[in-house]
Amino acid sequence: MVTAKVGNRLGLHARPAMALVDLAGAYTAAVTIRKGTHEVDGKSIMQVMMLAATQGTELEIICEGVDAEAAAKAIKQLVDSGFDED
Amino acid sequence: MKLMDIVVPGAVVAKLGSSERDEVVAELVDALVASGAADAALRDTLIEQVLEREKKGSTGFGRGVAVPHVKHKAVTRMTVAIGLSQHGVDFNALDKQPVYSVFLLLSPEGQPEQHLEAMEVIFSNLSKDTFRRFLRQSETAQDVVTLLEEADAQRLGG
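The structure contained in this document is the topic of the report that follows. (Residues numbered from 1 in each chain as written. Chains lettered and ligands numbered in written order. Predicted model: local features only at pLDDT ≥ 70, side-chain atom pairs only at ≥ 80, totals over all residues.)

### A closer look at the overall build of chain B
Okay, step 1: What chain B contains, in helices and strands, is six helices and six strands.
Okay, step 2: Along the chain direction, N to C, the helices and strands of chain B fall in the order α-β-α-α-β-β-β-β-β-α-α-α.
Okay, step 3: For a compact globule of 158 residues, the expected C-alpha radius of gyration is about 15 Å, and chain B comes in at 14 Å, within 12% of that figure.
Okay, step 4: Dimensions along the principal axes, computed over C-alpha positions, put chain B at roughly 40 × 30 × 25 Å.
Okay, step 5: Relative to its full complement of 158 residues, chain B shows a buried share of 42%.
Okay, step 6: Put simply, of all contacts in chain B between residues at least 6 apart along the chain, 69% involve residues at least 24 apart. (Helix = DSSP H or I, 4+ residues; strand = E, 2+ residues; numbered from the N terminus. Rg over C-alpha atoms; globule rule 2.2 N^0.38 Å. Buried ≥ 20, exposed ≤ 12 C-beta atoms within 10 Å, placed from the backbone. Contact = placed C-beta atoms within 7 Å.)

Right, here's the structure in full:
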């Protein structure tokens, strides 16, 4: 389990959410993103959109499977870097 | 934030006349202008910018729904129009399926939390099978408004 902080000003709106889902989808590992008590499937755009994570929000990234470590690391990087937005 | 806080009842189009994505966007912006929720002087700009955003990445997220949107400095509050298509509209959706329910969202600039809250309330409803089904079954704008009120009161199951 890895934590990341939403880095960009606009937070997890549609474009970054899509980037996260695309990235998660590139791995075979199951990906769960948790914001507080709210848990979503990181490969589902509808669910990730429901997180509505603002800038500075801490997210937990839980991956399970063969490439879980690589997946978590890549997703953390994306989130921390603010999705290349600002 | 509830759906009825942001959806403009006068801009709920129960039967869209258009069947092409770009025309659907225009139809919904026109509905917002006609209901007084958007400035007529902004009409062309809003349509252009929604489509520009749409071309960068489809907001057809699957399951027959699309959430085209734009942020504009002249928009003063979160504003949503809803359009339902009987025959389906090609939104270049992620699942390659037609779109039957369109939520068009106008956001003010500089209010990212509001925008995210609006996305949250829209998606938490659109992700429910029952909500999507009842939406598609709606015959009139009033049907849709009643559905939104039920959803806000959390009287719908998943």
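### Things to note about the overall build of chain A
Okay, step 1: Counting its secondary structure elements, chain A contains three helices and four strands.
Okay, step 2: In chain A, the succession of helices and strands from N to C terminus is β-α-β-β-α-β-α.
Okay, step 3: Against the compact-globule benchmark of 12 Å for 86 residues, chain A has a radius of gyration of 11 Å, which places it among compact chains.
Okay, step 4: Expressed as a percentage of the 86 residues in chain A, the buried residues total 40%.
Okay, step 5: In chain A, of all internal contacts separated by at least 6 residues, the share reaching a separation of at least 24 is 71%.

### Describing the packing of helix α2 (residues 21-34) of chain B against helix α3 (residues 43-56) of chain B
Residues and elements named next belong to chain B.
Okay, step 1: Direction vectors running N to C along α2 and α3 enclose 140°, while the axes themselves pass 10 Å from each other. Here α2 is positioned oblique relative to α3, judged by the angle of their axes. Crossing of α2 over α3 shows right-handed handedness. Only Arg-43, Leu-46, Ile-47, Val-50 and Leu-51 of α3 make contact with α2, whose side of the interface consists of Asp-22, Val-25, Ala-26, Val-29, Asp-30 and Val-33.
Okay, step 2: Residues of the contact of α2 with α3, tallied by class, amount to eight nonpolar, no polar and three charged. (Axes fitted to C-alpha atoms, helices over the stretch in contact; angles between N-to-C directions. Parallel < 35°, antiparallel > 145°, perpendicular 65-115°, else oblique. Left-handed = near helix turned anticlockwise from the far one by under 90°. Nonpolar A, V, L, I, M, F, W, Y, C, P; charged D, E, K, R; others polar.)

### Some words on the pairing of strand β2 (residues 30-35) of chain A
All names here are of chain A.
Okay, step 1: Examined bridge by bridge, β2 and strand β4 (residues 58-64) share five bridges and lie antiparallel to one another. Bridge pairing in β4 links Val-31 to Cys-63.
Okay, step 2: In this structure, the hairpin formed by β2 and strand β3 (residues 38-41) is closed by a connection of two residues, where Gly-36 is found at a positive phi of approximately 65°. (Pairing = 2+ DSSP bridges.)

### Describing α2 of chain B
Residues and elements named next belong to chain B.
Okay, step 1: Compared with an ideal rise of 1.5 Å per residue, which puts 14 residues at 20 Å, α2 spans 20 Å between its outermost C-alpha atoms and is within 8% of the ideal.
Okay, step 2: Inspection of α2 places Arg-21, Val-24, Val-25, Leu-28, Val-29, Ala-31 and Leu-32 among the buried residues, and these make up the whole buried set. Considered in projection along α2, the buried side chains sweep an arc of 155° and stay on one side of the axis.
Okay, step 3: Next to the buried residues of α2 lie β1 (7-13), α3, β5 (79-89) and β6 (99-108).
Okay, step 4: Backbone geometry just after α2 places Gly-36 at a positive phi near 85°. (Expected span 1.5 Å × (residues − 1). Arc of directions from axis to C-beta.)

### What to know about the interface of chain A and chain B
Okay, step 1: The partner chain B presents 15 residues to the 15 residues of chain A that form the contact.
Okay, step 2: Of all the secondary-structure elements, those providing two or more residues to the side of chain A that touches chain B are α1 (14-25) and α2 (45-49) of chain A.
Okay, step 3: Of all the elements, α2 of chain A adds the most residues to the side of chain A that touches chain B, at four residues.
Okay, step 4: Of the residues belonging to the side of chain A that touches chain B, the class tally is nine nonpolar, four polar and two charged.

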